[in-house]
Amino acid sequence: MPPIPTPPAEPQDSPDGYVGLDAASAERIARERGWSTVRSLPPGTIITMEYRVGRLNFEVRNGRVTRAWKG
């Protein structure tokens, strides 16, 4: 039986630090800090609930990040 894969480590970064930034700057900074996937979503967007290691989600309203979370 093959070994269970170990997921890659996530960046040591707090999603709360992105709230209030303009979306383009937030995405650029997140990628510089090592997030492999950065996703900007309008408020109320229906999304799947699977957790993806290395993904950072932004809820964006009027060009600003209003909420940020991992996965």
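Residues numbered from 1 in each chain as written. Predicted model: local features only at pLDDT ≥ 70, side-chain atom pairs only at ≥ 80, totals over all residues. Heavy atoms only, no water.

Student: Would you mind going over the pattern of salt bridges in detail, with residue names and values included?
Tutor: On inspection of all chains with the given rule, the structure shows five salt bridges. Note that Glu32 is salt-bridged to Arg28, the shortest N-O span being 3.3 Å. In this pair, Glu32 and Arg28 both sit in helix α1 (residues 23-32), four residues apart, roughly one turn of the helix. With a relative accessible area of 58%, Glu32 lands in the exposed category. Between Glu50 and Arg55 there is a salt bridge; the shortest N-O distance is 3.7 Å. We classify Glu50 as partly exposed; its relative accessible area is 32%. For Arg55, a relative accessible area of 6% gives the class buried. (Salt bridge = Lys/Arg side-chain N within 4 Å of Asp/Glu carboxyl O. Helix = DSSP H or I, 4+ residues; strand = E, 2+ residues; numbered from the N terminus. Buried < 20%, exposed > 50% of the residue type's maximum accessible area, 1.4 Å probe, protein only.)

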